[in-house]
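In case you want the letters, here they are:
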2 protein chains.
Amino acid sequence: MKILVDAFGGDNAPLEIIKGAIDALNSNKEFVIVFLGDENILTKELANFHYESNRVEIIHAPSVISNDESPTEAFRKKRDSSIVKGLTLLNSDSQYNAFVSAGSSGAVLASAVLLLKRIKGVTRPALVPILPTLNDDSVVLIDCGANADCNAKNLLEFAYMGASYATTVLGVKNPRVGLLSNGSEDKKGNALNRDVFPLLKSANLNFIGNAEAREILTGVYDVIVTDGFSGNIALKSSEGVAIMLLSLIKKNILVGGLRAKIGYLFLKPVFKKIAHVMDYNNKGGAILLGLQKVVIKAHGSSKAKSISASIIQALTIAKSQLINNIADTIPKLKESSIDKD
Amino acid sequence: MKILVDAFGGDNAPLEIIKGAIDALNSNKEFVIVFLGDENILTKELANFHYESNRVEIIHAPSVISNDESPTEAFRKKRDSSIVKGLTLLNSDSQYNAFVSAGSSGAVLASAVLLLKRIKGVTRPALVPILPTLNDDSVVLIDCGANADCNAKNLLEFAYMGASYATTVLGVKNPRVGLLSNGSEDKKGNALNRDVFPLLKSANLNFIGNAEAREILTGVYDVIVTDGFSGNIALKSSEGVAIMLLSLIKKNILVGGLRAKIGYLFLKPVFKKIAHVMDYNNKGGAILLGLQKVVIKAHGSSKAKSISASIIQALTIAKSQLINNIADTIPKLKESSIDKD
């Protein structure tokens, strides 16, 4: 297995990316890392790490796409960037199994969709984070940003892809699928939800019904289906509140005097554990699901730990039957009655 | 001022409703409470409280609408319910200034929209919670559930209504308005967002631009505009994470042994303060904005404190120039170029 790693994507590139990749390499013997980025800088930085040198390769990709650039324009103009070059190689050369980047989400998405082949039957790939639940399990949130506007067919495909991921990668038997809505009753939802609800109900899925956003993390669902706009709102709202709560705790401990500081010292292991559970990046990145190759978008603020987890996640998926399983499920959709739009 | 209070709505009715209403009554001399509900039960329960008896009235409304009932069906069949009777009186009798309920959101919304007149020029009333921000201010989230499907005109009206609320009720000068989106760049958003963005840009508002969901609570915006579906997702996701975090802290303190328990005792004041800040219900309920009368929907799980806050909020709004201010802003919209759909 060869995993392409964008060494110059994200807020902490290249050092944390390199560190995370080497950590992953040293924890698992099954793969080779192929770094994309400025060859000189990479060679220099890598000299500080210990690793099996025959398991690390460098492909020179000097330009970097920033978050402010238009993704499609960057795709056209920066063919030698770590993102575009990496995804081009992933598409054209069968020795590469996956691509991991913490760089511009827009550029990774646009380039991947333009360069890579979709799984037969998939209309739109989706960006899919795996979130932690209250009962220490995971929930697949599909889509969380690849498609701001969706139709019912897209959402039905998301449901099948999400369920495939839960089964194949997370080992969940008969995953419980929920449709994100503004209430749990069957009739709740916007026009899109009302369109897709009967399709999900009659699909070959363990469809539980409408899920309120407050239930995403409860562990009642293994897969939450939604359009990329609403999924992004759910994900970012959750992040916002988690950041707000932790910053409130910090602020109030600082102004709370000696008593609060002593309390904090005693509770430190508890806070550490919670920060670990809440930081969904520890479990890896978001997968771009629906393509014939594995693409993982790690969080832009990723540090070594999260990059390492994303690389191991990419390896796990590349080794799994996920893409075949999705291909096996989706064609059945095409024959069914919903393939009208 | 006379404020109608649904004594039989919400999870803790009627006792917490009565308690909260009497607390509000005793804290402010400017109004009369008119309870709606079963007269016998109300009379019996009220005997346990101290208050000026000439400031409390009871209107017999024996039936109760549950959360499971279809709101429109309940509206038709349960005219003698506390919700329908209360809103009917609010509409027909000018001595009543506001209605407060912690009962079925669907029934309050449907009945209010069917019974009450809209402010001239308002196409759709919106449900609007006032959320706490990191810098101890408030943010107006409009809409968070009244309209699952919206067009650009609805959202533009929401922006004007939200800004009016921020100015008139919260005292914010030149409120900063953001459009909830899946990214902060101008071009981000779904089809609806792209439609309304230029309208907001050219509107007579302090429009800042697209707001990511993670920025809702940062205090960078005074008003966040969105459709009722996305707003509901944002609100409920935030609730979900807050509940998850607090329950994780509790769980880990319980299993953390003596050390964690001591830490908790020391940090108790900090946790209490945070719980108070995070509990947006302490500031009142969600207002149904766009109607000619004041309707407040308190959270279904409201206890006395939140009911009391909702009643004081209703009083504040009824005394303010909010409805006139909205009426003054919205007609200008009708003359502008956007009134095409």
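Residues numbered from 1 in each chain as written. Chains lettered and ligands numbered in written order. Predicted model: local features only at pLDDT ≥ 70, side-chain atom pairs only at ≥ 80, totals over all residues. Heavy atoms only, no water.

Here we look at helix α6 (residues 152–168) of chain A
All names here are of chain A. To be explicit about the condition: Under the scheme used here, helices are H or I runs from DSSP no shorter than 4 residues and strands are E runs no shorter than 2 residues, and both carry numbers assigned from the N terminus. By definition here, a helix of n residues has an expected span of 1.5 Å times n minus one. Buried means the residue's accessible area, taken with a 1.4 Å probe over protein chains only, is under 20% of the maximum for its type, while exposed means over 50%, and partly exposed covers the values in between. Under the rule applied, a polar contact is a pair of N or O atoms within 3.5 Å (in protein, one hydrogen donor and one hydrogen acceptor; residues adjacent in sequence only if both atoms are side-chain atoms).
Between its terminal C-alpha atoms α6 stretches 24 Å, which fits the 24 Å expected from 17 residues at 1.5 Å a residue. In terms of burial, α6 is a largely internal element, 15 of the 17 residues being buried. Two to three positions downstream of the cap, the backbone nitrogen of K153 sits 3.1 Å from a side-chain oxygen, assigning the N-cap of α6 to N151.

Digging into the environment of L87 of chain B
Tracing the backbone shows L87 of chain B in helix α4 (residues 82–92). Through-space distance from the C-alpha of L87 of chain B to that of T329 of chain B is 26 Å; in sequence the pair is 242 residues apart.

Focus on the interface of chain B and chain A
Put simply, an interface is often sized by how much accessible area is lost when its parts join up. Here is the rule: Every residue pair with non-hydrogen atoms within 4.5 Å of one another is taken to be in contact. Buried area, as used here, totals the accessible surface that two parts lose on assembly, with accessibility defined by a 1.4 Å probe and the loss added over both. Any Lys or Arg side-chain nitrogen located within 4 Å of an Asp or Glu carboxyl oxygen qualifies as a salt bridge.
In this complex, chain B contributes 58 residues to the contact, which on the side of chain A involves 58 residues. Of the roughly 5,100 Å² buried between chain B and chain A, counting both surfaces, carbon and sulfur atoms make up 70%. A per-residue breakdown of the area chain B buries against chain A is headed by R214, F229 and M244 of chain B, which together make up 14% of the total. The interface formed by chain B and chain A includes six salt bridges. Between E212 of chain A and K236 of chain B there is a salt bridge, with its nearest N and O atoms 2.4 Å apart.

Things to note about the environment of G86 of chain B
Residues and elements named next belong to chain B. Position of G86 relative to the elements: it lies in helix α4. Among the residues examined, G86 registers a relative accessible area of 0% and is labelled buried. Residues G86 and S101, 15 residues apart in the sequence, show an inter-C-alpha distance of 9.3 Å.

Points about the packing of helix α6 (residues 152–168) of chain B against helix α7 (residues 191–202) of chain B
Residue and element names in this part refer to chain B. Using the following cut-off: Fitted lines through C-alpha atoms serve as axes, helices being fitted only where they are in contact, and the angles separating the N-to-C directions of these axes extend from 0 to 180 degrees. Here the word oblique covers every angle except those under 35 degrees (roughly parallel), over 145 (roughly antiparallel) and from 65 to 115 (roughly perpendicular). The crossing is said to be left-handed when, going from far helix to near helix, the turn is anticlockwise and less than a right angle, and right-handed when the turn is clockwise.
Contact geometry for α6 and α7: axes closest at 9 Å, N-to-C directions at 50°. The angle between α6 and α7 places the two elements in the oblique class. α7 is crossed by α6, and the crossing has right-handed handedness. Counting all contacts with α6, which are made through A152, L155, L156 and A159, the residues of α7 involved are L192, D195, V196, L199 and L200.

Looking at the state of the cysteines
Working definition: the covalent bond between the sulfur atoms of two cysteines is a disulfide. All names here are of chain B. This is how the line gets drawn: Two cysteine sulfurs form a disulfide in these notes if their separation is within 2.5 Å.
Tallied over the full model, the rule gives zero disulfides over all chains. Looking at the unpaired C150, the closest cysteine sulfur is the one in C144, lying at 12 Å. Its relative accessible area of 17% is what places C150 among the buried residues.

Digging into the relation of the copies chain B and chain A
For clarity, the threshold we go by: Only residues with pLDDT of at least 70 in both copies count here: their C-alpha atoms drive the least-squares fit that superposes the copies.
Once turned by 180° and shifted 0.0 Å along the axis, chain B lies on chain A with an RMSD of 0.0 Å. This pairing of chains is accounted for by a two-fold axis. Distance from the rotation axis, computed per C-alpha, reaches its smallest value in chain B at G263 of chain B: 2.0 Å. Looking at chain B, 100% of its interface residues are interface residues in chain A too, so the copies touch through the same face.

So, a positive patch on the surface
The cut-off we apply is this: Each patch is built from salt-bridge-free residues with over 30% relative accessible area, joining like charges within 9 Å and nonpolar side chains (Val, Leu, Ile, Met, Phe, Trp, Tyr) within 5 Å. Per-residue and other accessible areas follow the Shrake-Rupley method at a 1.4 Å probe size, with only the shown protein chains counted as cover for residues. Working convention for charge: Lys and Arg count positive, Asp and Glu count negative, and His plus the chain ends are omitted. Charge placement uses NZ in Lys and CZ in Arg. For Asp and Glu, CG and CD serve respectively.
A cluster of basic residues, R259 of chain A together with K268, K272 and K305 of chain B, forms a positive patch at the surface. With respect to the element layout, K268 of chain B can be found in helix α9 (residues 257–278).

A short note on the packing of aromatic side chains
Condition: Aromatic pairing here means that ring centres of Phe, Tyr or Trp (its six-membered ring) are within 6.5 Å. Orientation follows from the plane angle: under 30 degrees is stacked, over 60 is edge-to-face, and everything else is tilted. As a reminder, the over-ring test applies to NZ of lysine and CZ of arginine, requiring each to be within 6 Å of the ring centre and within 35 degrees of the ring normal.
In this structure the tally under the stated criterion is six aromatic pairs over all chains. Taking 6.3 Å as the distance between ring centres and 0° as the angle between the ring planes, the aromatic pair formed by F266 of chain A and F266 of chain B counts as stacked. Of this pair, F266 of chain A sits in helix α9 (residues 257–278) while F266 of chain B sits in helix α9, on two different chains. F266 of chain A gets classed as partly exposed once you look at its relative accessible area, which sits at 30%. Between Y264 of chain B and F271 of chain B, the aromatic rings sit 5.8 Å apart at their centres with planes inclined by 25°, giving stacked as the arrangement. Under the relative-accessibility criterion, Y264 of chain B is labelled partly exposed at 30%. The exposure class of F271 of chain B is buried, given its relative accessible area of 13%. In this arrangement the basic side chain of R79 of chain A is found over the ring face of F75 of chain A, its NZ or CZ atom lying 4.3 Å from the centre. When the ring centre of F31 of chain B is taken as origin, the NZ or CZ atom of R55 of chain B, which lies over that ring, is 5.6 Å away.

Structural notes on the pattern of salt bridges
For the structure shown, the criterion picks out 26 salt bridges over all chains. Its salt-bridge partner being R194 of chain A, residue D149 of chain B comes within 3.2 Å of it at the nearest N-O pair. Linking D149 of chain B in the loop between β7 (138–142) and α6 with R194 of chain A in helix α7 (residues 191–202), this pair reaches from one chain into another. Since its relative accessible area comes to 43%, R194 of chain A is described here as partly exposed. Ionic pairing is found between E52 of chain B and K29 of chain B, a salt bridge with its closest N-O pair at 3.0 Å. With E52 of chain B in the loop between α2 (39–46) and β3 (56–60) and K29 of chain B in the loop between α1 (15–27) and β2 (32–37), the pair connects residues that are 23 residues apart, well separated along the chain. For E52 of chain B, a relative accessible area of 32% puts it in the partly exposed group. Bridged by salt links that share partners, the residues E212 and R214 of chain A together with K236 and E239 of chain B form one connected network.

So, the sheet that holds strand β12 (residues 294–297) of chain A
Residue and element names in this part refer to chain A. Here is the rule we go by: Whether two strands pair depends on DSSP finding at least two bridges between them.
A sheet is described by the order of its strands in space; here seven strands give the open sequence β3-β2-β1-β4-β12-β11-β5, paired in mixed fashion. With one partner strand each, in any of the chains shown, β3 (56–60) and β5 (126–128) form the two edges of the open sheet. Pairs of neighbouring strands in the sheet enclose a mean axial angle of 25°, with direction left out of account. Taken together, the five bridges between strand β2 (residues 32–37) and β3 define a ladder with parallel strand orientation. Looking across to β3, one finds that I33 is bridged to V56.

Some points on the side chain of S302 of chain B
Examined against the element boundaries, S302 of chain B turns out to sit in the loop between β12 (294–297) and α10 (304–319). Separated by 2.9 Å, the side chains of S302 of chain B and S306 of chain B make a polar contact.

Some words on the confidence of the model for chain A
To be explicit about the condition: The quantity known as pLDDT measures the predictor's confidence residue by residue, on a range of 0 to 100.
When pLDDT is averaged across chain A, the result is 92; 96% of the residues are at 70 or more. Under the prediction, the complex receives an ipTM of 0.91, its pTM being 0.92.

Section: the sheet that holds strand β4 (residues 98–101) of chain B
Residues and elements named next belong to chain B. The strand order across the open sheet formed by seven strands is β3-β2-β1-β4-β12-β11-β5, and the pairing between neighbours is mixed. Each of the sheet's edge strands pairs with one partner strand only, and the pair in question is β3 and β5 (126–128). Taken pair by pair, the neighbouring strands of this sheet meet at an average axis angle of 25°, ignoring direction. Where strand β11 (residues 286–289) and β12 come together, two bridges link them in antiparallel fashion. Opposite I287, over in β12, you have I296 as the bridge partner. Packed on one face of the sheet, α2 meets β2 and β3 and runs near 155° to β3. Contacts from α10 reach β1 (2–6), β2, β4, β11 and β12, with the element oriented near 160° to β12.

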